[in-house]
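Fold and contact review
The lines below spell out each chain.
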There are 2 protein chains.
Amino acid sequence: MSRPLTARQQTVYDFIVKTMAEFGYPPTRAEIARALGFRSPNAAEEHLRALDRKGVIRMIPGTSRGIRLPAGETESEVTAETRSEDADAGLPIVGNVAAGSPILAAEHIDRYCPMPADYFTPKADYLLRVRGLSMKDAGILDGDLLAVHRTQDVRDGQIVVARIEDDVTVKRFQRHGSHVTLVAENPDFAPIEIDLENEHLEIEGLGVGVIRGGGSGLQ
Amino acid sequence: MSRPLTARQQTVYDFIVKTMAEFGYPPTRAEIARALGFRSPNAAEEHLRALDRKGVIRMIPGTSRGIRLPAGETESEVTAETRSEDADAGLPIVGNVAAGSPILAAEHIDRYCPMPADYFTPKADYLLRVRGLSMKDAGILDGDLLAVHRTQDVRDGQIVVARIEDDVTVKRFQRHGSHVTLVAENPDFAPIEIDLENEHLEIEGLGVGVIRGGGSGLQ
DNA sequence: GCAATGACTGGATACAATCCCAGGCTGTAT
DNA sequence: ATACAGCCTGGGATTGTATCCAGTCATTGC
C-alpha cells in the first residue's frame, strides 16, 4: 500500500520508538531536531508528516507530544523489516485491517505472540486484535487478541471472523438457508442480517481462543 | 515505603495509567483537571507533586507531559524478547485450589501452557483456572486462565487473586484504610467486605492477562 | 485552640510546542 | 528543461503547558 520509509524517515521513526521506550512519552519536534542535528524543528515536523502519511505513526493535531504508534509496540531498534518468516516466532498479530486488503497482508502484522499454534483447537493461524465492545458478553473486550483458525467451514453459534463488503468483523454466526445473521454479544449492537443472494459475505475464519494483556496489563 | 495514596490521589494515578495505556503519552495538568472535574489545573499539579513525593510517579520539570511511571506499568516498556529461562516448560496451570494449601503446590499443577512468562507485564508467574462467572463483565469467564503475577503490592481498581480464610477468589481490589472491598464484575454477586483488623486477607497476586480456549475452543 | 495537610478555586506568567510561511538545495523522473 | 519530492534553514504567529501566587474550606493531630 504505502511506500517504504526512506533512510532518514527510518532514523526519525527509530528515534521516536527509542524515546518512548526510554521515557514513556513521545518526543517533541525540537527534541527530534536536536537529536538528529536539525537546526530547525520544521525539518522534524515534515518528517513526522511523511511518517503519518505512510501510516507508521499517527499525529494528534494541536497536542504536545501528540505522536502515537498505531501498533502499540515500542520494542528496541525496530526496523520496519523485522518481519521475518514465522518459523518459531509464534503467531502473527494482525490489527487494523484496512478495507479491501487481505487479512494476512504483511503490513498488518505488527508483531508476533510467542505461542504455539496448536495450543488451541483447531489450531490458530493468527491473532486478530479486536476493536470495540460488540462481543463483550462473550468475554471479548476492546484490544483483546482473538485466536483465529482459517476456515470457511463454520457452524451455527460459533464465533467467526467475517468480511462484509471489505469490512472485517467478529460476530456469532447463524444461518437459515441463504440468510445469515451475525449476532453481536452486546445488547447495544443490532444483529447484522445478510442475504447471500444479494450481498457478499466472506468467512475469514473461526474464533478458537482469546488472549488479553500482552504488554498492557489488565484494566 | 511511603504512606499509601489517598483516594483522590489514587484516582489521579489511575487516570494517568489509563491515559498512557490508551494514548501512549501521559496527560497534561489541564487534561487531568478536565477528566476529574477540577476547575483549575493547579489542583492536578498538587496531586502530581504528592504522587511524586510518594514515589509512584516521577515528574520531569519543565517538560510537557513529563510524567513517568518508574515501575513500568505502561505498554511502552515492553521488551517482548523471549528470555529463554523457563521458556521450555511454559507457565504452570493451576486449578481447583484446595482450601488451606499453597496455591503453587505441585498437586494443583495439572499442565503447562507453552507461553513465555514475560509476554505479560508485569510478568506472569502462573495461570489460574477461574471458576464461576463473578468476573464476567471484566471479560473473565468460567474456565478462563488468569495470568497471575505474584505480588502483595496491589492498587485500587486492579484485578487481584485473594485468599480469604483459605478460600481463593478473583476480584477487583478496593481499599479504604483498614477496610478492603473485593468487587465482583457481575451484578449478581455482592461485593465482599473485609475488615483487616478482624479478618485475614492474603493477596496472592495481580491479574495481568487472560487466556481462553486452550483445548476446548470457544463457546 | 492551633498548626499541618489535603483538596481545591482563580488568576497570572513565561516558556514550550505546534504549525504556518518563505525560501534553498539535491536528486530523479518526465 | 521542467517538474516534483525529499530534506533542510530560518522566522514567526498562536496556542499549549508548566508553574507560581494568593486564597478558601474541611479534617486531623497535637
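Basis of the calculations
- By convention here, each chain's residues receive numbers from 1 onward along its written sequence.
- Chains carry letters and ligands carry numbers; both start at the beginning, A for chains and 1 for ligands, and go up in the order they are written.
- The model is predicted, so local features are restricted to residues of pLDDT at least 70 and side-chain atom pairs to those at 80 or more, both for listing and for counting; the totals for chains, interfaces and linings are taken over all residues.
- Excluded from the side-chain calculations are hydrogens and water; all other atoms, namely the structure's heavy atoms, are used.
- For the purposes of this section, nonpolar cores are sets of buried Ala, Val, Leu, Ile, Met, Phe, Trp, Tyr and Cys residues that join through side-chain atoms within 4.5 Å.
- Burial status follows relative accessibility: with a 1.4 Å probe on protein chains alone, a residue under 20% of its type maximum counts as buried, one over 50% as exposed, and anything between as partly exposed.
- Per-residue confidence from the predictor is given as pLDDT, running between 0 and 100.
- Should any heavy atoms of two residues lie within 4.5 Å, those residues are considered in contact.
- Think of it this way: any DSSP run of H or I at least four residues long counts as a helix, any run of E at least two long counts as a strand, and we number them from the N terminus.
- The rule for pairing is simple: two strands pair if DSSP sees at least two bridges between them.
- Here, proximity means that at least one heavy atom of the residue falls within 4 Å of the molecule or strand.
- Identification of polar contacts relies on pairs of N or O atoms within 3.5 Å, with a donor-acceptor requirement for protein atoms, meaning one able to donate a hydrogen and the other able to accept it, and with residues adjacent in sequence counted only if both atoms are side-chain atoms.
- Under this scheme, a helix contributes an axis fitted over its contacting stretch, all axes are lines through C-alpha atoms, and angles between N-to-C directions fall in the 0 to 180 degree range.
- Roughly parallel means an angle under 35 degrees; roughly antiparallel, over 145; roughly perpendicular, 65 to 115; everything else is oblique.
- Residues are grouped as follows: nonpolar covers Ala, Val, Leu, Ile, Met, Phe, Trp, Tyr, Cys and Pro; charged covers Asp, Glu, Lys and Arg; every other residue, Gly included, is treated as polar.
- Each salt bridge in this description consists of a side-chain nitrogen of Lys or Arg and a carboxyl oxygen of Asp or Glu lying within 4 Å of one another.
- In this analysis, rings of Phe, Tyr and Trp, with Trp reduced to its six-membered ring, are considered paired at centre separations within 6.5 Å, and the interplanar angle assigns stacked below 30 degrees, edge-to-face beyond 60, and tilted for intermediate values.

A look at the nonpolar core
If you look at the biggest cluster of nonpolar residues, it comprises 47 residues, and the most contacted ones within it are A:Met115, A:Leu182, A:Ile211, B:Met115, B:Leu182 and B:Ile211. Counting residues in hydrophobic clusters, the runner-up holds 18 residues, among them B:Leu5, B:Ile16, B:Met20 and B:Ala33.

Focus: the confidence of the model for chain A
All names here are of chain A. Residue-level pLDDT values for chain A average 78, and 80% of them are 70 or greater. Taken as a whole, residues 71-87 scores under 50 in pLDDT and shows 24 contacts with residues more than four places along the chain or in a different chain. The low-confidence segment residues 97-107, where pLDDT is below 50, has 29 contacts with residues more than four positions distant or belonging to other chains.

Overview of the environment of A:Gly213
Inspection of the secondary structure assignment puts A:Gly213 in the segment after β11 (201-212). Excluding its chain neighbours within four sequence positions, the residues that come into contact with A:Gly213 are B:Phe120, B:Thr121, B:Val208 and B:Gly209.

Quick word on the pairing of strand β9 (residues 179-183) of chain A
Moving residue by residue along a regular strand, the side chains alternate between the two faces of the sheet. Residues and elements named next belong to chain A. The pairing of strand β8 (residues 167-176) with β9 spans 5 bridges and is antiparallel. Following the sheet pairing, Arg 175 is matched in β9 by Val 180. Once β8 ends, the chain turns through 2 residues before running back antiparallel as β9, passing Gly 177 with a positive phi of about 65 degrees.

Examining the protein's contact with DNA strand D
A:Arg39, A:His47, B:Arg29, B:Arg49 and B:Gly62 are the nearest of the 23 residues found near DNA strand D. For DNA strand D, the backbone portion of the atoms within 4 Å of the protein, that is sugar and phosphate, comes to 72%. At 2.7 Å from a phosphate oxygen of DNA strand D is found a side-chain nitrogen or oxygen belonging to B:Arg29. For the surface near DNA strand D, the element with the most residues is helix α3 (residues 41-53) of chain A, which contributes 5 residues.

Observations concerning the environment of A:His200
All names here are of chain A. With respect to the helices and strands, the residue His 200 is situated in the loop between β10 (192-195) and β11. Classification of His 200 as partly exposed rests on a relative accessible area of 49%. Between the C-alpha atom of His 200 and that of Glu 165, which follows or precedes it by 35 residues, the distance is 6.4 Å. For His 200, the residues in contact, after removing those within four places along its chain, are Arg 163, Ile 164 and Glu 165.

Comments concerning the side chain of B:Gln158
Here B:Gln158 is to be found in the loop between β6 (145-149) and β7 (159-164). At a separation of 2.8 Å, a polar atom in the side chain of B:Gln158 contacts the main-chain amide nitrogen of B:Arg155.

Looking at the packing of helix α2 (residues 29-36) of chain B against helix α3 (residues 41-53) of chain B
Residues and elements named next belong to chain B. Between α2 and α3, whose axes approach to 8 Å, the crossing angle comes to 105 degrees. As summarised for this structure, α2 and α3 are arranged roughly perpendicular, according to the angle between their axes. In contact with Arg 29, Ala 30, Ile 32 and Ala 33 of α2, α3 contributes Pro 41, Ala 44, Glu 45 and Leu 48. For the contact of α2 with α3, the residue count by class is 6 nonpolar, no polar and 2 charged.

A few points about the pattern of salt bridges
All names here are of chain A. Going through the model one piece at a time under the given rule, you end up with 18 salt bridges over all chains. A salt bridge links Asp 125 to Lys 123, with the nearest nitrogen and oxygen atoms 2.9 Å apart. Here Arg 163 and Glu 204 are joined by a salt bridge, their closest N and O atoms 2.8 Å apart. Linking Arg 163 in strand β7 (residues 159-164) with Glu 204 in strand β11, this pair joins segments that are 41 residues apart in sequence. For Glu 204, a relative accessible area of 10% gives the class buried. Three or more residues joined by partner-sharing salt bridges are found here, namely Arg 29, Glu 45 and Arg 49.

Considering the protein's contact with DNA strand C
Around DNA strand C, a shell composed of 21 residues is seen, among which A:Gly62, B:Thr6, B:Arg8, B:Arg39 and B:Glu46 lie nearest. Expressed as a percentage, the sugar and phosphate content of the atoms of DNA strand C within 4 Å of the protein is 71%. Taking B:Arg8, its side chain carries an N or O atom lying 2.8 Å from a phosphate oxygen of DNA strand C. A distance of 2.9 Å separates a base nitrogen of DNA strand C from a polar side-chain atom of B:Glu46.

Comments concerning the pairing of β11(A)
Residue and element names in this part refer to chain A. With 11 of its 12 residues buried, β11 lies for the most part within the structure. Of the strand pairs in this sheet, strand β6 (residues 145-149) and β11 are connected by 5 bridges, and their pairing is antiparallel. Residue pairing across strands places Ala 147 opposite Gly 209, the latter belonging to β11. When β7 meets β11, the two strands line up antiparallel, connected through 5 bridges. Paired with Val 161 across the two strands is Gly 205, which belongs to β11.

A closer look at the packing of aromatic side chains
In this description, a pair of aromatic rings is defined by centroid distance and the angle of the planes. Residues and elements named next belong to chain A. Taken as a whole and assessed by the stated rule, the structure comprises 4 aromatic pairs over all chains. Plain terms: the ring middles of Phe 23 and Tyr 25 are 6.1 Å apart, the flat faces sit at 25 degrees to each other, and that makes the pair stacked. With a relative accessible area of 30%, Phe 23 lands in the partly exposed category. Taking the centre distance of 5.2 Å and the plane angle of 85 degrees together, the rings of Tyr 119 and Phe 120 count as edge-to-face. Across the pair, Phe 120 and Tyr 119 agree in class, each one buried.

Regarding unusual backbone geometry
Where the residue is not glycine, phi is negative for most of them; where a peptide bond is considered, it is trans in most cases. Residue and element names in this part refer to chain A. Residue Thr 121 is joined to Pro 122 through a cis peptide bond whose omega torsion reads -10 degrees. Along the chain, the position of Pro 122 falls in the loop between β4 (109-113) and β5 (126-129). We note that Arg 65 has phi near 55 degrees; this positive angle belongs to a residue other than glycine. On the secondary structure map, Arg 65 appears in the loop between β1 (58-59) and β2 (67-68).

Remarks on the environment of A:Val183
All names here are of chain A. The residue Val 183 is located in strand β9 in this model. Note on Val 183: relative accessible area 26%, which makes it partly exposed. Sequence-wise, Val 183 and Arg 172 are 11 residues apart; in three dimensions their C-alpha atoms are separated by 4.9 Å. Setting aside chain neighbours within four positions, we find Val 183 in contact with Met 135, Lys 171, Arg 172 and Gln 174.

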